[in-house]
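# Structure assessment
What follows is the residue order along each chain.
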Amino acid sequence: MAGINQKHIRNFCIVAHIDHGKSTLADRIIEKTGLLTSREMQEQVLDNMELERERGITIKSQAVRTVYKASDGEEYIFNLIDTPGHVDFNYEVSRALAACDGAILVVDAAQGVEAQTLANVYLALDHDLEVFPVINKIDLPSAEPDRVKDEIEDIIGIEAQDAPMISAKNGLNIEDVLEAIVKKIPSPSGDPDGKLRCLIFDSLYDPYKGVIVFMRIMDGRIRKGTKVRMMATGAVVEVVEVGYFGAGQFIACDELSAGMVGYFTASIKNVRDTRVGDTVTDDANPCDEPLPGYKKVNPFVYCGMYPADGSKYGDLRDALEKLQLNDAALQYEPETSVALGFGFRCGFLGLLHLDIIQERLEREYDLDLVTTAPGVIYKVHKTNGEVIDITNPSNMPDPSEIDYMEEPFVSAEIMTTTEYVGTIMKLCQERRGIYNGMEYIEETRAMLKYDLPLNEIIYDFFDALKSRSRGYASFDYEFKEYVRSKLVKLDILINKEEVDALSFIVFEGSAAERGRKMCEKLKNEIPRQQFEIPIQAAIGGRIISRETVKALRKDVLAKCYGGDISRKKKLLEKQKEGKKRMRQFGNVEIPQSAFMSVLKLDSED
Amino acid sequence: MEDREIYIHIPFCVKKCDYCDFLSFTSDDATKRTYVDALKREIRADFDRSVKICSVFIGGGTPSILDGDMIKEILDTVREGFELTPDCEITIECNPGTLDQNKAKIYKACGINRISLGLQACDVLVLKSIGRIHTFADFLKSYELVRELGFDNINVDLMSALPGQDLDAYLAGLKKVISLEPEHISAYSLILEDGTKMGDHIENYKKLPDEEEERQMYHKTIELMREYGYDRYEISNYCKPGYECRHNIGYWTMREYYGFGLGASGFIGGKRSKNTDSMEAYLKGELKKWEQETGEDLMEEFVFLGLRMCKGISLSKFKAFFGQDCDKIYKDVIDKHIAGGLLEKKGDRLALTEKGMDLSNLVMSDFIITV
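Presented here is an overview of the structure given in this document. It should be emphasised that the depicted structure is a prediction, and the values quoted were computed from it without experimental measurement.

A few words now on the overall build of chain B. Helices and strands together make up the secondary structure of chain B, namely 16 helices and 15 strands. For chain B, with 371 residues in total, the buried portion stands at 56%. Once local pairs closer than 6 in sequence are excluded, the contacts in chain B between residues at least 24 apart make up 69%. Just so you have it, chain B exposes about 15,200 Å², and 51% of that area is on carbon and sulfur atoms.

All names here are of chain A. Within the secondary structure, Tyr482 sits in strand S26 (residues 473–485). Note on Tyr482: relative accessible area 24%, which makes it partly exposed. Remark: the alpha-carbon pair of Tyr482 and Met405, spanning 77 residues in sequence, is separated by 9.5 Å. Sequence-distant contacts of Tyr482, that is, excluding residues within four places in its chain, are made with Ile377, Lys379, Glu406, Glu407 and Pro408.

What follows is about the pairing of strand S14 (residues 343–346) of chain B. Residue and element names in this part refer to chain B. Across four bridges, the pairing between S14 and strand S15 (residues 349–352) is antiparallel. Within the sheet, the bridge partner assigned to Leu343 lies in S15 and is Leu352. The antiparallel hairpin formed by S14 and S15 contains two residues in its connecting segment, where Gly347 sits at a positive phi of about 60°.

Once that is clear, we can look at the packing of aromatic side chains. Two numbers describe a pair of aromatic rings. These are the distance of the centres and the angle of the planes. For the structure on display, the rule yields 29 aromatic pairs over all chains. Centre to centre, the rings of B:Tyr233 and B:Trp252 are 6.4 Å apart; their planes meet at 55°, and the pair counts as tilted. Pair noted here: B:Tyr233 is in strand S7 (residues 231–234) and B:Trp252 is in helix H9 (residues 246–252), with a separation of 19 residues, a long-range link. Across the pair, exposure class does not vary: B:Tyr233 and B:Trp252 are buried alike. Members of the aromatic cluster, joined through ring pairs, are A:Phe201, A:Phe214, A:Phe245 and A:Tyr263. Over the ring of A:Tyr482 we find A:Lys379; its NZ or CZ atom is 4.9 Å from the centre of that ring. When the ring centre of B:Tyr218 is taken as origin, the NZ or CZ atom of B:Arg215, which lies over that ring, is 4.2 Å away.

This paragraph deals with the packing of helix H1 (residues 29–45) of chain B against helix H2 (residues 68–81) of chain B. Residue and element names in this part refer to chain B. The geometry of H1 relative to H2 is characterised by a closest axis approach of 9 Å and an angle of 10° between their N-to-C directions. Judged by the inter-axis angle, H1 sits roughly parallel to H2. From H1, Arg33, Val36, Asp37, Leu39, Lys40, Ile43 and Arg44 reach across to H2, where they touch Met70, Glu73, Ile74, Thr77, Val78 and Glu80. Partitioned by chemical class, the residues of the contact of H1 with H2 number six nonpolar, one polar and six charged.

Our next topic: unusual backbone geometry. B:Gly61 follows B:Gly60 through a cis peptide bond whose omega is 15°. With respect to the helices, strands and loops of the structure, B:Gly61 is situated in the loop between strand S2 (52–60) and H2. Even without glycine at this site, A:Asp366 takes up a positive phi of about 55°. For A:Asp366, the position within the fold is in the loop between helix H8 (351–364) and strand S19 (369–371). Look at A:Asp366 and you get exposed, because its relative accessible area is 63%.

Residues and elements named next belong to chain A. Position of Thr417 among the secondary structure elements: in strand S23 (residues 402–417). Residue classification places Thr417 among the buried residues on the basis of a relative accessible area of 19%. Those residues in contact with Thr417 that sit more than four places away from it in its chain are Thr444, Arg445 and Tyr472.

A few words on the nonpolar core. Soluble globular proteins: nonpolar side chains tend toward being buried together. Grouped together as the largest cluster of nonpolar side chains are 108 residues, with contacts concentrated most on B:Ile8, B:Phe82 and B:Ile112. Apart from residues no more than four positions distant in its own chain, B:Ile112 is found in contact with B:Ile71, B:Leu75, B:Ile90, B:Ile92, B:Tyr107 and B:Phe151. Counting residues in hydrophobic clusters, the runner-up holds 79 residues, among them A:Ile357, A:Ile424, A:Tyr459 and A:Val588.

Attention shifts here to the interface of chain B and chain A. The interface is formed by 44 residues belonging to chain B together with 28 residues belonging to chain A. Both sides of the chain B and chain A interface together cover about 3,500 Å² of buried area, and 53% of this is carbon and sulfur. Across the chain B-chain A interface, the total number found is nine salt bridges. Along the contact surface separating chain B from chain A lie 19 residue pairs in polar contact (both at pLDDT 80 or more). Elements with a contribution of two residues or more to the side of chain B that touches chain A: strand S1 (4–10), strand S6 (184–189), helix H8 (211–227), helix H11 (295–306), helix H14 (331–339), helix H15 (354–358) and helix H16 (360–366) of chain B. Top element by residues in the side of chain B that touches chain A is H16(B). It accounts for six residues. Of the residues in the side of chain B that touches chain A, the class split is 18 nonpolar, ten polar and 16 charged.

For the rest of this paragraph, the subject is the environment of A:Lys269. Residue and element names in this part refer to chain A. Structurally, Lys269 can be placed in the loop between strand S14 (261–265) and strand S15 (279–282). The sequence separation of Lys269 and Asp206 amounts to 63 residues, and the corresponding C-alpha distance is 9.4 Å. The contact partners of Lys269, leaving out residues within four places of it in the chain, are Tyr205, Pro207, Tyr208, Lys209 and Gly210.

This part is about the sheet that holds S14(B). Residues and elements named next belong to chain B. One open sheet holds the three strands; their spatial order is S13-S15-S14, and the pairing between them is antiparallel. Edge strands, defined here as strands with exactly one partner in the open sheet, are strand S13 (313–314) and S14. The pairing of S13 with S15 spans two bridges and is classified as antiparallel. Along S15, the bridge assignment pairs Ser314 with Arg349.

All right, on to the packing of H2(B) against helix H3 (residues 101–109) of chain B then. Residue and element names in this part refer to chain B. H3 packs onto H2 with a crossing angle of 15° between their chain directions and a minimal axis gap of 8 Å. Classified by the angle between their axes, H2 and H3 sit roughly parallel to one another. You can see that H2 and H3 cross each other, and the crossing is right-handed. Across from Gly68, Asp69, Ile71 and Lys72 in H2, the residues of H3 making contact are Lys103, Ile106 and Tyr107.

Cut-offs used in this document
Note that residues are indexed from 1 along each chain, following the sequence as it is written. Chains carry letters from A onward and ligands carry numbers from 1 onward, assigned in written order. At least 70 in pLDDT is required for a residue's local features to be given in this predicted model, at least 80 for side-chain atom pairs to be given and counted, and no such filter applies to totals for whole chains, interfaces and linings, which use all residues. The basis for every side-chain value is the complete set of heavy atoms in the structure, and neither hydrogens nor water enter the calculation. Counting from the N terminus, the helices are DSSP H or I runs at least four residues long and the strands are E runs at least two residues long. Relative accessibility under 20% of the residue-type maximum defines a buried residue, over 50% an exposed one, and the middle range a partly exposed one, all with a 1.4 Å probe and only protein chains included. Residue contacts follow a heavy-atom distance rule, with two residues in contact if any of their heavy atoms lie within 4.5 Å. Computed with a 1.4 Å probe, the accessible areas rest on the Shrake-Rupley method; for each residue, only the protein chains presented here act as cover. By the convention used here, strands pair only if DSSP detects at least 2 bridges between them. For Phe, Tyr and Trp, where Trp contributes only its six-membered ring, two rings pair if their centres lie within 6.5 Å, and the inter-plane angle classes them as stacked under 30 degrees, edge-to-face over 60, or tilted in between. Two thresholds decide whether a charge sits over a ring: the Lys NZ or Arg CZ must be within 6 Å of the ring centre and within 35 degrees of the ring normal. Between N-to-C directions, angles cover 0 to 180 degrees, with each direction set by a line fitted to C-alpha atoms, over the stretch in contact for helices. Orientation labels follow simple angle bins: below 35 degrees gives roughly parallel, above 145 gives roughly antiparallel, 65 to 115 gives roughly perpendicular, and whatever is left gives oblique. The classification used treats Ala, Val, Leu, Ile, Met, Phe, Trp, Tyr, Cys and Pro as nonpolar, Asp, Glu, Lys and Arg as charged, and all other residues, Gly among them, as polar. Side-chain atoms within 4.5 Å link the members of a nonpolar core, which is a set of buried Ala, Val, Leu, Ile, Met, Phe, Trp, Tyr and Cys residues. When two components associate, each loses some accessible surface as probed by a 1.4 Å sphere; the sum of these losses over both components is called the buried area. Any Lys or Arg side-chain nitrogen located within 4 Å of an Asp or Glu carboxyl oxygen qualifies as a salt bridge. Any N or O atom pair separated by 3.5 Å or less is treated as a polar contact, with the protein-specific requirement of one donor-capable and one acceptor-capable atom, and with residues adjacent in sequence counted only for side-chain atom pairs. Here is the rule for handedness: rotate from the far helix to the near one, and if that takes an anticlockwise turn smaller than a right angle the crossing is left-handed, while a clockwise turn gives right-handed.

Structure below.
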C-alpha cells in the first residue's frame, strides 16, 4: 500500500432506510470494481454472518477495500463500510460514519424518503460527511424518480437532480455511482507524517490472531512492530500485522498511513482492551488529544439471560464479552436468580437486537439459553426523593417506599394498507397507545402515528401486528419520553413460593388479565408432579389469579416384558433426560420452556 | 456357578391383539416348523452341561399355538444341553382357544409345571373390542382342563383400564377369577403403545376409563387381592403364599438368563444379548448380539428392576455385587424420595412405598446416573 496517493482514496459508506437496497448496491460496487469476478460473487458478499443471510438484514458494519479505474484513467482505492439499516442499530451506523469522508444515500424510487432515510442522513451530516443521493429501484413499475428527487431536495435539503438513477438489483447504471464516488466524495485529509491517530470503529475476535482491530488512520503511519497505545484503556501492545479488508478476508500489508481504513492485530487476548471509539496512538510518540469518540448508546430493553445448563455460566460470560467487543450497545452484568441460578441481566437497543444476540449466542457459541421476560427501564420516584432506575423487577422497592413511577413511551409509525387500519388501531388501543394521527401515503396506504408505552411493544407486539395485518404492516419507533404511570410488580408463586425469574412490571390496569394468562400458560407448561402445585399471580401480597397443576397419580410401567430390560431402561433414560431440562425450584420441577412460554401471551388467544 | 434361567420366545399368534406391541405375528405351518428347528439350533450352540437351570419360561406370542410335540422337542433340546434343577420352574404361556387336551397332556408329560393363561378380561364385549379371540367360557374350559390334568401352579393375566370397561364390571370379573383360586394373578393396567392398532387409533375405541376410575380399579385390585389371601409381591403381580413366579424374580434380582428365539434378550456374565427381530435373518442363523454392560449400567438395573418388587432391593446384596454402598452412591435420590414418601428403608431393604409404586417411574428414573 505504500506509495498510494492519499488523493486517490475514497472512504465512504452507504446509508438508507431498511429495504431500500443498500446491501445490494454494496455488492454491485464490489463486483464492478473488479475485486472479485462475477463468478466469485456470492449474493450479498458483505453479509457474511449466516444469520444476516437468513434474515436479509445487515447486523454488523463491515468494511471492504476495492480498486476502481475511473474514467479519468486513474486508479482509486475505495474503502466501503457497510452499515445496518434498522433503528435498533443506529449506533452501528454512527461508528461506521466516523471512519468515512462521505456517504451514499440510497433512496427507493417508489417509496421515497422514509423515517430512517432522514435519521441516517442527519447522522451523516453530524459527522461532517459529504452526502450524495442515489435513486434505486428505478426499474420498478411504481418508481417515481422525479418525485423522489424533489422529495429529497425538499425534505432533506441536498442537491438531487443529477443523482444516479440505478437498479442495484439489475446492475443498471452502477458506473454512474462509481464516478460520483470519485467526484463527490472528498479524499481524506490528515498528515501521514504527523503523530499517529487512529479511530477504532469495530473489532472482531479471532481464536488465532486475538482481537482484530478495525480502524481508520487519521494521521501518521502504523506498521508491524509499532508499539501502540489505546488512549482510553491505556493498554500498550506491539503490532503484529496490519492490513486491509478484502471481501470477507483480511489482506496483510506493510504499512497503513493517514486516510486509510484497515486493521491491525497485536496478539490481544483481552477483548476489553480494545474499546470501539477509542483512539490508537504511537506509544513512543503519542498525539496530544484523542479523537472524539462515539456517542455512548444506551440500552432500552433488558432481560435476564441464563445458561440452561448451569455449568455453562463461564461460557456465556465469555460469549457475551466477545459479542460486546464489536457490539458496544450490548450491556450485561451478572445477576443471580433463585429459580435460574447464575446469569446476566442484559441490555439491548430493542427487541430485534435482543433477538439477534440471543440467536448468535445460541448458534455461534452453541449455548442453550433461558431468557426472562424483557422489560424496560422504569424510573421509580421514592418517597424520600430519590429516583432510581429499575431494569430487573426483583429490585423494585416496596410499594410503601414508592411515590410514583414513570415508564418510557415511544413514538411509533405503522405503515399499512388501508384495509387493516381498523384492526391495527384496535391493537394499539389495547396496548395503551395514544393516537397521534394518520396520513394517507397513497390511496391504499396509510401511516398511523401512535405514542406507545415501550413495555407494551416488547412482548409480542410485532407478532400481533404481523398476524392481524397478514404481514401488511411495517413498524418503526423511537424513544419519546418518560411518562408518569401506574405500574405494579406482578409476582408468580409456584407452590406458594415466589419465582423471581417470572416476576415482571406491568401497567396496573392490565395486571389482572396478564396474571390470569400467565397462570393458565404455566399450568400447561408445568408437568404434574407427585403433589398438587398451586400457581398464583400476586400483586404485593394479594393473590389475583390461581390455577392448579393436579398431583400426578400414576407414573408406572405396569408390565416389564420378559428379559428385555433395554426398553424399560430407555424409557427411564428419556424421563431422566427430561428432568435435566427442568429447573428444581423448592420441591417443584419447572421446565425451562415455562420461562420462555410466558413471553408470548398474545391478547387474541 | 449360580443357577441360570432360560427364556424361549414363540412369536406366533392366531391374531394380533389391538394393544399388543410384543414381537408376534400370524404365520403358516411351514414357517413354524422351520422356526422350531432354528430355535433348537440356537439352543444347541449354547449347550453347557455345567450350567444349572432353575427356570424355563416359554413366552410369546402364543406358545400354545404350536403343536404339543414341538414344545416337547424344544424342552428335550434344553434338557439335552443343560442340567435342570429338580425343582425347576417350567412355565408356558397359553391363550384360551388354542389349548386342547392333547397339548396339555404333552406339556404335563414333558415336565411343564406352571401354566400362564392370558384371560385379560371377562366381559365378552370388552374382549372382542380389544381383538381377543376367546370368550370367558373358552378360558374356563382351558382352566378346568389344566386343573384336571393336575397342574397346581396356574397364573391368570388380567388387564384393567380397557376401553369400555367400568369399575364394577372389572371388579366382578376379578372376583370371578379369584373364585377359581389360581395360584397367581397378574393384573396390569392397559398401556397404550405407539405402533399398535389401539395406541395409534384410540379414537376408534370405546371410551377409556378416566383417571379417577382407572386409579380405583388399580387400588381396589390391591384391596380385593389382599382380602382373598393373595400377596402383592410386585407392581402388578399377586400370588398365594409361596407361588411367586421364580422366573420373573430372576429378572428383578439380576439372575443370569439365556434368551432364545426371535428378538429374545439374555443376560450372562455382565453382558446383555439380543437376537434379531427379523424372522428371515433369524431363520438364516443370524447370531445374537452381545453388549457389555458398564458397572453403572448394572447398578441402575439392579435398583430399578429390584424396586419393582414390593420387598425392594437388598442393600447388602448391592454392596456384595458392586463393592460400594447404595446409600452413598444414591444418597441424594434416596433422601429425596424418602422425604417425599415414595421410598422407605426397612433394615437391609430399600423399597417403594405404596404411593411410590404408583409413581415408580418417577423414582426409578432418578436412579439413572448415566444420563
